[in-house]
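Chain by chain, the residues run as shown.
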Amino acid sequence: MSSPEIEATEVLVVGAGQAGIAMSEHLSARGIPHVVLERSRIAERWRSERWDSLVANGPAWHDRFPGLEFDDVDPDAFASKERVARYFEEYVARYGLPIRTGVEVTSVRRDPSVGGFRAETSAGAFSARYVVAATGAFQVPAYPAIVPEAAGVDQLHSSGYRNPEQLRAGAVLVVGAGSSGVQIADELRASGREVYLAVGAHDRPPQRYRGRNFVWWLGTLGLWEKATPPAGAEHTTIAVSGAHGGRTIDFRDLARDGITLVGRAETFADGVLAFGGDLERDIRRGDANYLSVLEQADAFVARTGIPLPEEPSAWELGPLPESVTDPLRALDLAEAGVTTIVWATGFGVDYGWLEVDAFDDRGRPVQQRGVSEEPGVYFVGVPWQSRRGSSFIWGCWHDAKYIADQIEIQRGYLAYTGNALPASTAATTQDSARAATSIAV
């Protein structure tokens, strides 16, 4: 299957974040030979592509793998990014997973001469019968090319933001209403900055309701298991935060704290950034999403009789702030003193190293529950891979289990060594042989 210059393995897993670690655990449990290659360190994105004060958005009892608890974080508390990275290191050590760090995979292509695929890496060539792309949901920072570099403002993606002191003096525009955007905007405002927050469509679950965290409600109500995203949404934007001990995001509170809410950033000309006119609509839709969770939660309690305390105050939404009902439609950045734009606009994909026919015209995997159209190639950690929770820590663990099952099934097929002839052909051959014997006799 291989030459002396190629290291052979049965399954090659690329990436040692949460997806790759989960994949390795399930392959190890089945005794399937494999190796995980990681270009940097274990859980590198948690270390170097997140801001300093980031904590997990879900509590420690939930945002983990089943096989290991956080031993120094209260189950209802929110682990820091450093603690999450250390958790994955502990997980690798606990299960003795075959992970090699500091090895960059530059290309993977099908090569029948090695029995499957050939991978070129910074540590030499590898051959594998199966390949799992476990580079996750947050690969390449993505933001629209709206404001040119010559506009005179600093621009960075949320993955490059660390703390307020990193930015030069002046006001900041944060673009994006998901977890990253609202937390960064809140931190910047608390540091004394003038902050504008561009808000688009989003879900806004309660961080806690009736004594239970939102992850518990989404689980018991089956909302994590939704199989398809809303029309046009590849990754649901969720405005939720584990900061400050975990609290429900309400854009009214952000406005009350002095953040100016604006609509989606749309166009830029002559130093002026124009915003969309759907701010109030998006805020009200976020409110409707929030209230729908409360309604479903109350109905669940009524049906099951679980003794959870009522919380009528959670239903009380205050009036919308003026910045929402009469929003700015344009902002002269220089006049407003805006010196920095933080784009909290999500991530794109980059599978340029995986040279197989398994992608659509936008470079996204064509897959069903992680099984690609290219035989022997699988994905883990893709948003909505099998459910809404697929790109979350616990979700990718369950998806990885399914992929390990599929690989084990394929190994079973390839291990078959029975009669290669169709039954009808085999029967005809046997009849002809018997007839020839009779004539000879």
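Just so you know, the residues in each chain are numbered from 1, in the order the chain's sequence is written. Thresholds applied to this predicted model are a pLDDT of at least 70 for local features of residues and 80 or more for the giving and counting of side-chain atom pairs; totals over whole chains, interfaces and linings are not thresholded and use all residues. Hydrogens and water are ignored here; the side-chain numbers use all heavy atoms of the structure.

Novice: Describe in detail the overall build of the protein, supporting the description with residues and values.
Specialist: Regarding its fold elements, the protein presents eleven helices and 21 strands. In terms of overall dimensions, the protein has C-alpha extents of about 105 × 60 × 40 Å along its principal axes. Accessible area is worked out with a 1.4 Å probe on protein chains only. A residue is then buried under 20% of its type maximum, exposed over 50%, and partly exposed in between. Classification of the 441 residues of the protein by burial places 49% in the buried group. We call two residues in contact whenever any of their non-hydrogen atoms come within 4.5 Å of each other. Across the protein, the fraction of contacts at a sequence separation of at least 24, relative to all contacts at a separation of at least 6, is 69%. Here the Shrake-Rupley method, with its probe set to 1.4 Å, supplies the accessible areas, and only the displayed protein chains count as covering residues. Accessible area for the protein stands at about 20200 Å²; split by element, carbon and sulfur atoms hold 50% of it. Strands are runs of DSSP state E lasting at least two residues, helices are runs of H or I lasting at least four, and both sets are numbered from the N terminus onward.

Novice: Lay out the packing of aromatic side chains in plain terms, naming residues and giving numbers.
Specialist: Between 30 and 60 degrees the pair is tilted, below 30 it is stacked and above 60 it is edge-to-face, where a pair is any two Phe, Tyr or Trp rings, Trp via its six-membered ring, whose centres lie within 6.5 Å. As enumerated under the stated definition, the model contains 20 aromatic pairs in all. When the centroid spacing of 6.4 Å and the interplanar angle of 50° are considered together, the rings of F214 and W224 count as tilted. In this pair, F214 sits in helix α5 (residues 214-220) while W224 sits in the loop between α5 and α6 (251-256), placing the two residues ten residues apart along the sequence. Residues F214 and W224 agree in their burial class; the two are buried. Against the face of W46 rests R50, its NZ or CZ located 5.9 Å from the ring centre. A ring has a charge above it when a Lys NZ or an Arg CZ is no more than 6 Å from the ring centre and no more than 35 degrees off the ring normal.

Novice: Break down helix α1 (residues 18-29) for me, citing the residues and quoting the values.
Specialist: Here the expected length of a helix is defined as 1.5 Å per residue gap, with one fewer gap than residues. With twelve residues, α1 extends 17 Å from end C-alpha to end C-alpha; this agrees with the ideal 16 Å at 1.5 Å per step. G31 lies just past α1 and shows a positive phi near 70°.

Novice: Give a detailed account of the pattern of salt bridges, specifying residues and quantitative values.
Specialist: By definition, a salt bridge exists where a carboxyl oxygen of Asp or Glu is found within 4 Å of a side-chain nitrogen of Lys or Arg. Scanning the model with the defined rule gives 32 salt bridges in all. Between D186 and R247 there is a salt bridge whose closest N-O contact spans 3.2 Å. Note that D186 is positioned in helix α4 (residues 179-190) and R247 in the loop between α5 and α6, a separation of 61 residues in sequence. Look at R247 and you get partly exposed, because its relative accessible area is 35%. Salt-bridge contacts for R387 lead to D399; the nearest nitrogen and oxygen are separated by 3.3 Å. Here the residue R387 occupies a position in the loop between β21 (377-379) and α10 (393-414), and D399 occupies one in helix α10, the gap between them amounting to twelve residues. Each of the salt bridges in this network shares a partner with another, and the network as a whole consists of D71, D72, R83, R86 and E90.

Novice: Before we move on, can you summarise the pairing of strand β17 (residues 338-343) with the specific residues and values?
Specialist: In terms of burial, β17 is largely enclosed, as six of its six residues are buried. Here the rule is simple: two strands pair whenever DSSP picks up at least two bridges between them. In this sheet, β17 lies alongside strand β8 (residues 154-157) in parallel orientation, the contact comprising four bridges. Residue H157 lies in a different strand from β17, and its bridge partner there is W343. As paired elements, strand β9 (residues 171-175) and β17 share five bridges and run parallel to each other. Bridging from a neighbouring strand, L173 pairs with I341 of β17.

Novice: So what's going on with the environment of P307? Residues and values would help.
Specialist: With respect to the helices and strands, the residue P307 is situated in the loop between α7 (279-304) and α8 (322-325). Residue class for P307 comes out exposed when judged on its relative accessible area of 77%.

Novice: Residues and numbers for the sheet that holds β9, please.
Specialist: The parallel open sheet is built from five strands, whose spatial order is β8-β17-β9-β10-β13. Single-partner strands in this sheet number two, and they are β8 and β13 (260-262). Averaged over all pairs of adjacent strands, the angle between strand axes in this sheet comes to 20°, irrespective of strand direction. Seen against the sheet, α4 touches β9, β10 (195-198) and β17 and runs at an angle of roughly 170° to β10. Lines fitted to C-alpha atoms define the axes, with helix axes restricted to the stretch in contact, and inter-axis angles between N-to-C directions lie between 0 and 180 degrees.

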